[in-house]
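Architecture and fold: a report
One letter stands for each residue in the lines below.
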Amino acid sequence: MKIITAEYIYIDGEYLKEYAVAFEEKIIAVGRYQDIIEQYPEAQLMKQLPHSVLYPGFTNTHVHLEFSTNRTTLKYGDFITWLYSVIEDRNHLSSICTTEIMLEACREMLESGITTFGAISSMGLDLDACVETPQRVVYFNELIGHNPQKLDTLYSEFLHRYESSTHYAGHNVIPAVAIHSPYSVHPSIRKKAVTFAKENDLLISAHFLESEAERQWLDHSKGDFKSFFENFFDQSRALTTIDEYLAEFDGHPTHFTHCVQAGEKELKKIAEENHTIAHCPRSNRYLGCGRLAIEKLDKLDIPFTVATDGLSSNNSLNLFDELRAALMMHGDLEISKLSRQLINAVTRDAAKILKLNAGTIREGYKADFALIQLPEDPKQEDEIALWTILHTDKVSQLYIKGEQLI
Ligand code: BEZ
Ligand code: FE2
């Protein structure tokens, strides 16, 4: 058994001083420093680092590792322009994306304190990296495609990828299902995959209302998607409506990504069905999709996470870069309260959304920790969340299931 302590320990939204945590693979006890060392005299006591803050490990619920080779290939600025460039370059980008490159991407996440991530896997090319990386991975096998002639093949390939991921269920890989989006998945196979996930009690992740163009296409079969679908797929009408898409997930809380263009009606439905949202501020900015009104999620009690998306729409997978971007994007929100909300989003809420016994420093939870060091002692405790976000690039220590990896 080990005992870890820090100047402050983040417990239930508060920063507690003179606290300590006894742990093995799981957290054994949390309490006052003196009580814990007296209770466990044989435990190995870790040295306290200066100006340190101990957090539960962070969770990044949405990342695409298979596009980790993109740097200066895909076009940013406008969603449809980006999508054209994805169609043009995705085979090349994924063909040069080796397991080693994907492991480097996982390492960047690890160094920023991410102990669990949700990998959206379009092709299954990232499975080896997800098995090898020390992090816990919710492996979202993604269904994509709508060509009526290919539906059986698309679905059986999806099932095959899902099956392959189940072989690693003991290796920190948790098999799950992703539906790419309302516009890219034929409703008939969407139904099959969602039913499969419901029957097997699997987590589902699904992109939803990312761009204005998506909304125009689904509402009116118009806008920038029209020429995209006519050019690539000889299709002139959307195959599903927003309401049909959302209704598919009824009764099965689903993790929707983006939702930037969701209106009052969709957000209410999301709240009623206990769905949740992955908010990707930099991806939304880089692809010209706009700002998700997180203050509306707050009012409706919709839990949300802050996620990096993939390097196909981002410049790093560092969670602190993402949190700093969120502070800038939501410039009208009070910065200190927002910081506390963001820290909560990437710890407790993100882990809860992925149904993990993690993300909280409490007895019985996984001993996943991210220890950061502020540049000096904080003068006010209620600013620690903000100062953590502003002053951290890399964590000083990191533990997963009690094992120290940094
Ligand atoms: C596809 O890969 O099938 C696809 C991608 C984007 C939009 C529609 C379909
Ligand atoms: Fe995504």
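Residues numbered from 1 in each chain as written. Chains lettered and ligands numbered in written order. Predicted model: local features only at pLDDT ≥ 70, side-chain atom pairs only at ≥ 80, totals over all residues. Heavy atoms only, no water.

Here we have four strands laid out as an open sheet, ordered E5-E4-E1-E6, and mixed in their pairing. Two strands in the sheet have a free side with no partner beyond their single neighbour: strand E5 (27-32) and strand E6 (44-45). Both strand E1 (residues 2-5) and strand E4 (residues 19-23) contribute to a ladder of four bridges, which runs antiparallel. Within E4, the residue paired with isoleucine 4 across the bridge is valine 21. (Pairing = 2+ DSSP bridges. Helix = DSSP H or I, 4+ residues; strand = E, 2+ residues; numbered from the N terminus.)

The next point concerns helix H14 (residues 335-353). Maximal helix bending in H14 amounts to about 45°, located at alanine 345. Put simply, glutamate 334 is the residue that caps the front of H14, since its side-chain oxygen is 3.2 Å from the backbone nitrogen of serine 336. Backbone geometry just after H14 places lysine 355 at a positive phi near 55°. (Bend = angle between axes of the 7 residues up to and from the residue. Polar contact = N/O pair within 3.5 Å; in protein donor to acceptor, adjacent residues only side chain to side chain.)

Right, let's get into the coordination of the iron ion (ligand 2). Those protein atoms acting as donors to the iron ion (ligand 2) are His62 (NE2), His64 (NE2), His207 (NE2) and Asp309 (OD), and they sit at 2.2 to 2.5 Å. Each of the four donor atoms around the iron ion (ligand 2) contributes to a set of angles spanning 82 to 174°, which defines the coordination as irregular. Read in sequence order, the donor residues coordinating the iron ion (ligand 2) give the pattern H-x1-H-x142-H-x101-D. Taken together, the residues span a long stretch of sequence, with histidine 64 in the loop between strand E8 (58-63) and helix H2 (79-95) and aspartate 309 in the loop between strand E15 (304-306) and helix H13 (319-329) at a distance of 245 residues. Across the pair, aspartate 309 and histidine 64 agree in class, each one buried. (Donors = N, O, S within 2.8 Å, 3.2 Å for Na, K, Ca; no water. Tetrahedral: all angles 85-135°; square planar, octahedral: opposite > 155°, others 65-115°. Buried < 20%, exposed > 50% of the residue type's maximum accessible area, 1.4 Å probe, protein only.)

This part covers the environment of tyrosine 55. By the element assignment, tyrosine 55 lies in strand E7 (residues 52-56). Of the residues examined, tyrosine 55 reaches a relative accessible area of 0% and is grouped as buried. Sequence-wise, tyrosine 55 and tyrosine 10 are 45 residues apart; in three dimensions their C-alpha atoms are separated by 5.4 Å. Among residues more than four places away in sequence, those in contact with tyrosine 55 are Tyr10, Tyr15, Ile343, Ile361, Asp368, Phe369, Ala370, Ile372, Ile384, Ala385 and Thr388. At 2.7 Å, the side chain of tyrosine 55 forms a polar contact with the side chain of threonine 388. (Contact = heavy atoms within 4.5 Å.)

Structurally, the protein chain comprises domain 1 (2-57 + 360-404) and domain 2 (58-353). Each of domain 1 and domain 2 has a C-alpha centre, and these two points are 31 Å apart. Between domain 1 and domain 2, the residue contacts involve 26 residues of the former and 29 residues of the latter. Here domain 1 packs against domain 2, burying approximately 2,100 Å² in sum over the two surfaces, 63% of which is carbon and sulfur. (Domains from an automatic or database assignment. Buried area = accessible area lost by both parts, 1.4 Å probe.)

Glancing now at unusual backbone geometry. Despite not being glycine, leucine 209 shows a phi value in the positive range, around 45°. Here leucine 209 is to be found in the loop between strand E12 (204-208) and helix H7 (212-220). Non-glycine residue asparagine 274 carries a positive phi angle of around 60°. Tracing the backbone shows asparagine 274 in the loop between helix H10 (264-272) and strand E14 (276-279). A residue is classified by how much of its surface remains accessible, and asparagine 274, at 54% relative accessible area, is exposed.

With that out of the way, let us pick up the pairing of E5. The pairing of E4 with E5 spans five bridges and is antiparallel. Bridge pairing in E5 links alanine 20 to glycine 31. What sits between the antiparallel neighbours E4 and E5 is a turn of three residues.

A few words now on the site of ligand 1. Taken together, the neighbourhood of ligand 1 is formed by Arg90, Ile144, Gly145, His146, Tyr183, Ser184, Phe228, Phe229 and Phe233. Within the side chain of arginine 90, an N or O atom sits 3.1 Å from an oxygen atom of ligand 1. In isolation ligand 1 has 260 Å² of accessible area, and contact with the protein removes 91% of it. With three residues, helix H8 (residues 224-233) is the single largest residue contributor to the shell around ligand 1. The class makeup of the residues in the shell around ligand 1 is five nonpolar, three polar and one charged. (Near = heavy atom within 4 Å. Areas by Shrake-Rupley, 256 points an atom, 1.4 Å probe, with all protein chains shown as cover. Nonpolar A, V, L, I, M, F, W, Y, C, P; charged D, E, K, R; others polar.)

Attention shifts here to the pattern of salt bridges. Two side chains with opposite charge may pair up if their charged atoms get near one another. All chains considered together, the criterion is met by 18 salt bridges. A salt bridge links glutamate 248 to arginine 190, with the shortest nitrogen-to-oxygen separation between them at 2.8 Å. Taken together, the residues glutamate 248 in helix H9 (residues 242-248) and arginine 190 in helix H6 (residues 187-199) connect sequence positions 58 residues apart. As far as burial versus exposure is concerned, glutamate 248 and arginine 190 are alike and both buried. (Salt bridge = Lys/Arg side-chain N within 4 Å of Asp/Glu carboxyl O.)

Of all hydrophobic cores here, the largest spans 100 residues; its most connected members are Phe117, Ile179 and Phe225. When residues of this core are assigned to their parent elements, the largest contribution, six residues, is made by H2. Structurally, this core is a two-domain feature, drawing no fewer than three residues from each of domain 1 (2-57 + 360-404) and domain 2 (58-353). Excluding residues within four positions of it along the chain, phenylalanine 117 makes contact with Asn60, Val63, Leu65, Cys106, Met109, Cys130, Thr133, Gln135, Arg136, Val137 and Val138. (Core = buried A, V, L, I, M, F, W, Y, C linked by side-chain atoms within 4.5 Å.)

Below, the discussion takes up the packing of H7 against H8. At their nearest, the axes of H7 and H8 sit 7 Å apart, and the two run at 75° to each other. The orientation of H7 with respect to H8, classified from their angle, is roughly perpendicular. Where H7 approaches H8, its residues Ala213, Glu214 and Trp217 are matched on the opposing element by Asp224, Phe225, Lys226 and Phe229. Within the contact of H7 with H8, the residues separate by chemical class into four nonpolar, no polar and three charged. (Axes fitted to C-alpha atoms, helices over the stretch in contact; angles between N-to-C directions. Parallel < 35°, antiparallel > 145°, perpendicular 65-115°, else oblique.)

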